[in-house]
Amino acid sequence: MTNTIFHGFKKKIQGKIKVPGDKSISHRAVLLGAIAEGETTVDGFLMGDDCLHTMKCMRQLGVRIEKSGESLIIIGNGIDGLSEPVDVLDVGNSGTAMRLMIGLLAARPFYSVLVGDASIHQRPMDRVVLPLKQMGADIYGRSNNRLAPITVNGSKLHGTEYHSPVSSAQVKSAILLAGLQTEGTTVVREPELSRDHTERMIRAFGGSVLTEGTVHTITGPQKLTGTHIKVPGDISSAAFFIAAALITPDSHLIIEDVGINPTRTGILDILNSMGADISLENQRIVNDEPVSDLVVRSSSLQGTEIGGDVIPRLIDEIPILALIATQAEGQTVIKDAAELKVKETNRIVTVVSQLRKLGADIEETEDGMIINGQPGKPLKGGDVNSFGDHRIGMMLAIASQVANEPINVERTDSIAVSFPTFNELLESVR
Ligand SMILES: O=C(O)C1=C[C@@H](OP(=O)(O)O)[C@@H](O)[C@H](O)C1
Ligand SMILES: C=C(OP(=O)(O)O)C(=O)O
């Protein structure tokens, strides 16, 4: 376990940077490349722990994946090219890897076991197991099929119509990946639109998914063809640097090549409504995904209310939004965010407890938190803990921009899950 001391009180943030590749898109590039026919080249793949676990699992399933310079080459042999793994598939800390692979493997004619770290073994898997069982899947897990380890006895599935109680791209994607291999039509409805990278990427691989509002329809079986994927920078990683520039006086930061898929830009909409000075330049489309450079300047911010259908569009950015809210004038209320309780940690508890330790005025609610901003009043330093949650670790590191004493963050090793170069990049712009 590593700890890191961050000390950056009022150190202005300046420069031009790129953040690592999008985690959601990187997972999907490997999964779809692995089941496509022919070669797939992935540029900008995120070499973070989560995606490396997905890559290793796909290799265990018999897929050849090689690094070639900065690119990843996946040699797919079609969906039938996957073979039974001789050992358990370990997803590490990644909910995306586990849930998407359960969907993928549910329709493969072999046996597999999926495990992960202590955090993964506490996260609900029934949200994908239930709909897949409705499609005829044979899946078991601890605690009445709710928790990992999960065993998948691959079988022939049939199409279904599933109304998901949660707006979760992992649930939607698991069903679509099973539906892709299944004779007939599979329909998944979600309460609010969640990130749509799976749908876009199935199309980039030559497949088809129909989306009407929040209803997604896939008709299988479909064959995918290898392609060239360029992964944009991860807006969820960029968010930490956006925050650092906004809350530190005299900052001016350019972040190049950031993915701005509308299902991910809730953070930009909310920051805009809080008065943030962020402009989008050089907007373009790459692989059916919108990409832009972001120009961020320090800003005076106002508190706001964050809830409703924006939540799935910024769910991973709530920890850093909470920190930003401590620096905004007035109150910020975050609601409808109970999903935070089933992330790498219970993020309502970890955000509130750790920011409180630093002197923030923040309290937990049933489905979110309330923050009374104190702009101009520095946070304190001291010992805080990421509890193994990468996003909590990075949020606490950025808090050092507004803390007048050093912040000692325990378990910073977890940051490598999504942003292995975070510390160096932060140093480079300070
Ligand atoms: O599909 C994905 O790549 C992800 C979906 C979201 O989770 P849910 O599907 O649980 O909302 C998000 O929090 C996670 O970081 C990545
Ligand atoms: C929730 C996250 O990821 P996952 O669900 O894939 O573990 C995240 O990256 O914040």
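Within an unreviewed UniProt entry, the label attached to the protein reads 3-phosphoshikimate 1-carboxyvinyltransferase, and the organism entered is Scopulibacillus cellulosilyticus. UniProt, in its Catalytic activity (unreviewed entry) section for the protein, records the words "3-phosphoshikimate + phosphoenolpyruvate = 5-O-(1-carboxyvinyl)-3-phosphoshikimate + phosphate". The record in UniProt for the protein states the following under Subunit (unreviewed entry): "Monomer."

Participant: Please explain the domain arrangement of the protein as it appears in this structure.
Facilitator: Interface size is commonly expressed as the accessible surface area that is lost when the partners come together. As assigned here, the protein comprises domain 1 (3-21 + 232-429) and domain 2 (23-230). Computed from C-alpha coordinates alone, the two centres of domain 1 and domain 2 are separated by 28 Å. Across the boundary between the two partners, domain 1 contributes 24 residues, which contact 27 residues of domain 2. Of the residues in the side of domain 1 that touches domain 2, the class split is eight nonpolar, nine polar and seven charged.

Participant: Help me out: how do you make sense of the site of ligand 1 in this one?
Facilitator: Near ligand 1 you find Ser24, Gly95, Thr96, Ser168, Ala169, Gln170, Ser173, Ser194, Arg195, Ile315, Asp316 and Glu339, and these make up its full shell. Of all elements in the fold, only α3 (95-106) and α6 (169-179) reach the threshold of two or more residues within the shell around ligand 1. The biggest single contributor to the shell around ligand 1 is α6, with three residues. A class-by-class count of the residues in the shell around ligand 1 yields two nonpolar, seven polar and three charged. Shared between two domains, the shell around ligand 1 holds at least three residues of each, these being domain 1 (3-21 + 232-429) and domain 2 (23-230).

Participant: It is not clear to me how the sheet that holds strand β13 (residues 215-220) should be interpreted in this structure. Could you clarify?
Facilitator: The strands that make up a sheet pair up through hydrogen bonds in the backbone, lying either parallel or antiparallel. Pairing within the open sheet is mixed, and its four strands lie in the order β10-β11-β13-β12. Two strands lie at the open edges of the sheet, namely β10 (161-163) and β12 (210-212), each paired on one side alone. On average, each strand axis in the sheet is inclined to that of its neighbour by 15°, with strand direction left out of account. Pairing of strand β11 (residues 184-189) with β13 involves six bridges; the strand directions are antiparallel. Each residue of the ladder has a partner; that of threonine 185, found in β13, is threonine 219.

Participant: Which parts of the structure should I look at to understand the UniProt feature "binding site: 3-phosphoshikimate" (unreviewed entry) in the protein?
Facilitator: Under the UniProt annotation, the feature "binding site: 3-phosphoshikimate" (unreviewed entry) is placed at Lys23, Ser24, Arg28, Ser168, Gln170, Asp316 and Lys343. Relative to the helices and strands, lysine 23 resides in helix α1 (residues 23-35). Apart from residues no more than four positions distant in its own chain, lysine 23 is found in contact with Leu46, Gly48, Asp50, Cys51, Asp234, Ser236 and Ser418. Mapped onto the elements of the fold, lysine 343 is located in the loop between β19 (331-334) and α11 (347-357).

Participant: Is there a simple way to explain the UniProt feature "binding site: phosphoenolpyruvate" (unreviewed entry) in the protein in this structure?
Facilitator: According to UniProt, the positions carrying the feature "binding site: phosphoenolpyruvate" (unreviewed entry) are Lys23, Gly95, Arg123, Gln170, Arg347 and Arg391. With respect to the secondary-structure elements, arginine 123 resides in the loop between β7 (111-115) and α4 (126-134). The class of arginine 123 is partly exposed, set by 18 C-beta atoms lying within 10 Å. Sequence-distant contacts of arginine 123, defined by excluding residues within four places in its chain, comprise Gly95 and Val342. With respect to the element layout, glutamine 170 can be found in helix α6. With sequence-adjacent residues up to four places away left out, glutamine 170 is seen in contact with Gly95, Thr96, Arg99, Leu100 and Val128.

Participant: I would appreciate a short explanation of the site of ligand 2 in the present structure.
Facilitator: Lining the immediate environment of ligand 2, one finds Ser94, Gly95, Thr96, Asp316, Lys343, Glu344, Arg391 and Ser418. Tallied by class, residues from the shell around ligand 2 come to no nonpolar, four polar and four charged. Both of domain 1 (3-21 + 232-429) and domain 2 (23-230) provide at least three residues apiece to the shell around ligand 2.

Participant: For this particular structure, what's the right way to read the pairing of β19?
Facilitator: Sheet faces and side chains relate simply in a regular strand, where the side chains alternate between the two faces. A one-sided burial pattern is seen for β19, the buried positions being Thr332 and Ile334 and the unburied ones Gln331 and Val333. Looking at chain direction, strand β18 (residues 305-306) and β19 are connected through two bridges and run parallel. Among the inter-strand pairings, glutamate 305 is bridged to a residue of β19, identified as valine 333. For the segment spanning β18, helix α10 (residues 318-326) and β19, crossover handedness is right-handed. Summarising the sheet, β19 and strand β21 (residues 368-372) pair through four bridges and their orientation is antiparallel. Looking at the pairing, threonine 332 lines up with isoleucine 371 of β21.

About the thresholds
Residues numbered from 1 in each chain as written. Chains lettered and ligands numbered in written order. Predicted model: local features only at pLDDT ≥ 70, side-chain atom pairs only at ≥ 80, totals over all residues. UniProt positions renumbered as here; feature names shortened; annotations may be inferred. Domains from an automatic or database assignment. Contact = placed C-beta atoms within 7 Å. Nonpolar A, V, L, I, M, F, W, Y, C, P; charged D, E, K, R; others polar. Near = placed C-beta within 6 Å. Helix = DSSP H or I, 4+ residues; strand = E, 2+ residues; numbered from the N terminus. Pairing = 2+ DSSP bridges. Axes fitted to C-alpha atoms, helices over the stretch in contact; angles between N-to-C directions. Buried ≥ 20, exposed ≤ 12 C-beta atoms within 10 Å, placed from the backbone. Right-handed = clockwise from strand over helix to strand, strands pointing away.

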